[in-house]
Structure formats: structure tokens, C-alpha cells
Amino acid sequence: MTETKTKATVKITGAEAIIHCLLAEDVDLVYGYPGGAIMPVYDEFYKFQDKLTHILTRHEQGATHAAQGYARVSGRVGVAIATSGPGATNLVTGLADAQIDSTPMVCITGQVPRHLLGSDAFQETDIIGISTPVTKWNYQITKASEIPEIMAKAFYIAKSGRPGPVLVDITKNAQFEEFEFSYKKCKGVRSYIPTPKPNMGSIEAAAELINNAKKPFIVWGQGVILGQAEEALKAVIEKAGVPAAWTIMGESAIPTSHHLNVGMVGMHGNYGPNMLTNECDVLIAIGMRFDDRVTGKLDEYATQAKVIHFEIDPAEINKNVTADVAVLGNSKETLELILPLLNENKHEDWHDEFKKMHEIEYETVIKNDIHPTKDKLTMGEVIEEINLASKNKAVIVTDVGQHQMIACRYAKFEQSKSNITSGGLGTMGFALPAAIGAKQGAMDREVVAIIGDGGYQMTIQELGVIFQHQIPVKIVVLNNDHLGMVRQWQELFFDKRYASTVMVNPDFVKIAEGYHIESKRVSERKDLKGTIQDMIASDKPYFLEVKVEKEDNVFPMIPSGAAVSDIRLK
């Protein structure tokens, strides 16, 4: 631990100490919602508002998703704050989302005074017990003197190694108590090894397998982005000539247009990458965790291949797929170490197999999605128009459902940290608040939220934040008047028994206008291009509702429980 340049030792309250800790960690933006048990800290926000911006979200869940969006785009730690009881429990979905998607976040909750703990006092909830399964670390502060050390540890744990969310619960008495304050940034925690040291033996073994492979195949995940390994990955695939595909969390690490980028794997991924997973002879997984949506039926997943797993978290090794060679460490470091050991290669015949698969998918699926001949608008053509209007430079923030899969399939990216979505938890309601955070984390970038009519209504109240702070987020609701993905499963696997999936929706345009946000509805193709161009050109918040085909399905699709090679094109 090293001393940071903060105030000399001074006697202050615990509440003020919280603010000084945030400032010492270079935090300049906090999302939250006040309440009785956290009010002393909010009183200090008032005093320090020239140094620390607080955004009042309309729901505590919105605060966590906004903090996630901010963290994912900026690479910094997102911060959310709430009161005790229901305020704290409303953070749990965002914590779980951040945990499974490895997002660095520190959540601060107020708590009843120490002497009332365990008494079922007003708005008392055991948030430590509740949040333990969905946080990387949590701690309850009961006296003010603990604040500097715990806050420093919280930020260190949240952002080091494989990132994740941390929750710090602070009793009200600790916020009022005075103590001698000094702050040291945390540089390490005993028994916690965030980044394993690479083993050259494993790296040499991996290089030998890659060099001898006839059909090598890379699947990369978000670990590449979190490890800042984008250039290292590009150098590896270009030197070794390896076709490379991505999980939805890894999307945008390498430009969509890169000639070795062969597309998305997973349930609604591209045809070639999924089919050829079961034909490659060496599968190289980089910064991904072999999620079930990627692997499908595990006992039929890449059984013919030698598996190399580059991973920072030892717990992920052999968890789902057994690795022949495990390369532990930060992905940037390990990829840079393996690069000089790799032979120059092209694998032209192998690449031709991906091209042939792409042609089949284009004719069967893609062409109809982005250049439809039917009258009704499709989600795919909306994404294509956004690509054109934004010149592939926008940050796309998606919610969960059909629109999410369509956006991930068809959005085009030239810059990393451009695809922000709820991957592992699949949280409906994620996109609107996450887009707010993403825009505030990258004010120089265009941020477009792509949302379904179902998920939009779960956090629609966050339009109030956009209105109050005039955050120039572009919101596109793809409205098919259904819970589209559930409806698709009911059609395909439940004999078209459409139980509770029809949505009777309000007038979304009038709601947005109620928040004084420029709004428009498009239902005909002739109006789509011009409206999207106007939306992207605007320097203000903009809401666009697009009425799309009600009974459109997302293909390709790997049925639940099937093998990746059982992927369906229709």
C-alpha cells in the first residue's frame, strides 16, 4: 500500500470520509437514490457537488445499470449508492448482472445504526447476506475508523484481476462518528492473487498445438476487452492466420470488418463459426468462460479438438470444457508472450470453409433480415440503417430478447467497447439506464440504445434522468407488441401456445414527449432511413419507436440442449 495525496490527517465524520475516499479513487460520477440510512452521506454530496456529480436515478436498479454502462465504456469503476432495506435490495439485480459479466462496480448502501442490527428495525435488511452470492466481495462497516481501509480495498478488488461488483454497507452511526482521517490506496490483499503469473511451459505447449494445427479456431470473449488485449489478439490471428469468432460479450474487440473476424458463436450466432466448432482440430478460447449459450450440448462440443484456454480466472479452467492446455494470466500479457512463438500461416482452405458457410447463411437468413422484400419492417434493417447513419462508430447498448440477438448479429463496429449488453444474466430493463451511463462514460461517442417493447417498460422511468440532465442518448424501441423471444420459443417448441406474451402497449411517443424528448414513430420503410439519419444527427436526446414485424423469428438458432452443429437456419 502506498500513500496517496489526500488531506493530511484531519478529524472528520464517516460520511465526509466516504466522499474523500471516492475523490481519492478519482471518482467523479455517482448514480444513486437517497433515503434515511444514507442521508448523512447525501448531505456531504451537497457540500462537494462542485467536485463530485451525483445522478439521481428513478430506481436503484437503474443506478446499478447506469454504473455498469459507465464502467463498460470508460474502463473505470462504476459507483452506485442507495439507502438500507428496499433501497439496498433494489441493487441486487444489477449486482448479479455485474458479477456474471465481470463489470467493476462499487455499491455503497446505508444501514441502520449498529445497536439496532438484527432487531428488525425500520428498513433493516441483511444486505451482506443477500448480496454475498452476487458480489466479488462485500463488507459491513460499523465504525467510522474502518472506512478508509475498506473503501480502498473495495476499489482495488472491484477493478483488479477479473473485475466484479463490490458492496460496502455502512451503518448510520459510522456515518456520524468522527475520526482521524487518512487514506492509502490499496495495492494488494493478502491471499488474493488477482492475476496469475503466466507459465512459459503452458505458453510453449499452446504455441506448438497452434503451429501444428490444420484447422485452428479462436473464440474470444470479454476477457480480451477487460485485459486491453485487442491489439495483441489481432497480432496473433494475423500472424497465425487463424479464423476468430466472438461471444456477445467479446464483440467489438476486433473490427467487424477484419478479414479474420468470422462472426458470432452461440445460440443465435453465425452458421459457420457454430458448425465449424465441431470440425476444428485446435480450439483456442481466449477470455471466455464456455457459457452454455456458446457450447450448447457439452458432450458434443468440440470433442474432436485439442482445447487451449487463455484465462485470468483459475476457477473457469475445466469448469465446463476440459482444457488440454490452460494458459493462466492477463490476456494481453499471455498473447504477447505467445506471439513470437507462432509460425506465420494462412490456412486458406480452412478459411474457405467459413466463407462457404457464410454464403449459405447470407442467402437463407441475412439477406432477408437486412434487405427484406416483405412489407413489414424487420429489426435487421433498422440495425443496418443505424450502421450506415453512424458510420459504424456508435456504441450500441442492447436490452434482452430478439432485438438483442439481431443487434449483436448485425451491428458493425470499428472500435472496442462498443457493444454493451447484459450477457450472462440476461436482464430485461438493462439498456435504458446502461445507455445513460455509457454516454456519460464516453461523451464524445454516439450512444444508441436498442430496446424491445417489453424490456423498455421495466426501466422506462429512467427517461426522467435523460430529461433532467439532457443526456443526448438515442433510444430506439423495436416494437412488435410481443415478448418476442418468448413468443419465438412458444412457436417453435410449445406448439404455438402463446401464453402471456402479447403486449398491449401504451403510446410510447407520447410518454417520451411527456419528458420533453424529441420523439417519432416509424411504421413504413420509406420513412426509416431519413428518420434514423435525423436521430443520429441530433445533438439532443431522441426517442424513436419502430413498428416491426410481429411474428419474425431470429435465425440461425441452436435449440436448447442441442449441439452447436444442430444449428437451424429456419
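Being a predicted model, the structure only gives us computed values, none of them experimental.

Asks: Explanation requested: the domain arrangement of the protein in the structure shown.
Replies: Domain boundaries in the protein define domain 1 (3–180), domain 2 (200–354) and domain 3 (371–547). Every contact between the two is made by 23 residues of domain 1 and, on the other side, 27 residues of domain 3. Both faces combined, the contact of domain 1 with domain 3 buries some 1900 Å², and carbon together with sulfur accounts for 61% of it. The largest per-residue losses of area from domain 1 upon contact with domain 3 belong to Arg58, Arg72 and Val73, which jointly make up 34% of the total buried on that side. Seen at the junction of domain 1 and domain 3, the total is 10 residue pairs in polar contact (both at pLDDT 80 or more). Contributing elements (two or more residues each) for the side of domain 1 that touches domain 3: strand 3 (29–32), strand 4 (53–56), helix 3 (60–74) and helix 5 (92–100). Sorting elements by how many residues they give to the side of domain 1 that touches domain 3 places helix 3 first, with 10 residues. Here the side of domain 1 that touches domain 3 is composed, by residue class, of nine nonpolar, 10 polar and four charged.

Asks: How should the pairing of strand 14 (residues 282–286) be read in this particular structure?
Replies: Taken residue by residue, a regular strand's side chains alternate between the two faces of the sheet. Burial analysis of strand 14 places five of its five residues in the buried class, the great majority of the element. Here strand 14 shows two buried faces, one formed by Val282, Ile284 and Ile286 and the other by Leu283 and Ala285. Two strands pair when backbone bridges link them, and strand 11 (residues 216–220) and strand 14 are joined in this way by five bridges, in the parallel orientation. Considered in strand 14, the bridge of Trp220 is made with Ile286.

Asks: What is the right way to read the sheet that holds strand 19 (residues 447–452) from this model?
Replies: Each strand in a sheet pairs with another by means of backbone hydrogen bonds, the pair being arranged parallel or else antiparallel. The parallel open sheet is built from six strands, whose spatial order is 18-17-19-20-22-21. Lying at the two open borders of the sheet, with one neighbouring strand each, are strand 18 (419–420) and strand 21 (518–522). Where strand 19 meets strand 20 (residues 474–479), five bridges bridge the pair, whose relative direction is parallel. When the bridges of strand 20 are listed, Val448 appears paired with Lys474.

Asks: What is the right way to read the packing of aromatic side chains from this model?
Replies: When we look at a pair of aromatic rings, we describe it by the centre distance and by the angle of the planes. Across all of its chains, the model carries 11 aromatic pairs by this definition. Between Tyr42 and Phe45 the ring centres are 5.2 Å apart and the planes differ by 65 degrees, which places this aromatic pair in the edge-to-face class. Placement of both Tyr42 and Phe45 in helix 2 (residues 39–47) is noted, with a separation of three residues, approximately one turn of the helix. Judged by centre distance (5.4 Å) and plane angle (70 degrees), the ring pair of Trp489 and Phe493 falls under edge-to-face. Linking Trp489 with Phe493, this pair stays in helix 21 (residues 484–493), spanning four residues, or about one helical turn. Of the residues examined, Trp489 reaches a relative accessible area of 21% and is grouped as partly exposed. Assessed through its relative accessible area of 30%, Phe493 is described here as partly exposed. Taken together, the ring pairs in this structure connect Phe179, Phe181 and Tyr183 into an aromatic cluster.

So, how was this worked out
- Residues numbered from 1 in each chain as written.
- Predicted model: local features only at pLDDT ≥ 70, side-chain atom pairs only at ≥ 80, totals over all residues.
- Heavy atoms only, no water.
- Domains from an automatic or database assignment.
- Contact = heavy atoms within 4.5 Å.
- Buried area = accessible area lost by both parts, 1.4 Å probe.
- Polar contact = N/O pair within 3.5 Å; in protein donor to acceptor, adjacent residues only side chain to side chain.
- Helix = DSSP H or I, 4+ residues; strand = E, 2+ residues; numbered from the N terminus.
- Nonpolar A, V, L, I, M, F, W, Y, C, P; charged D, E, K, R; others polar.
- Buried < 20%, exposed > 50% of the residue type's maximum accessible area, 1.4 Å probe, protein only.
- Pairing = 2+ DSSP bridges.
- Phe/Tyr/Trp six-rings, centres within 6.5 Å; stacked < 30°, edge-to-face > 60°.

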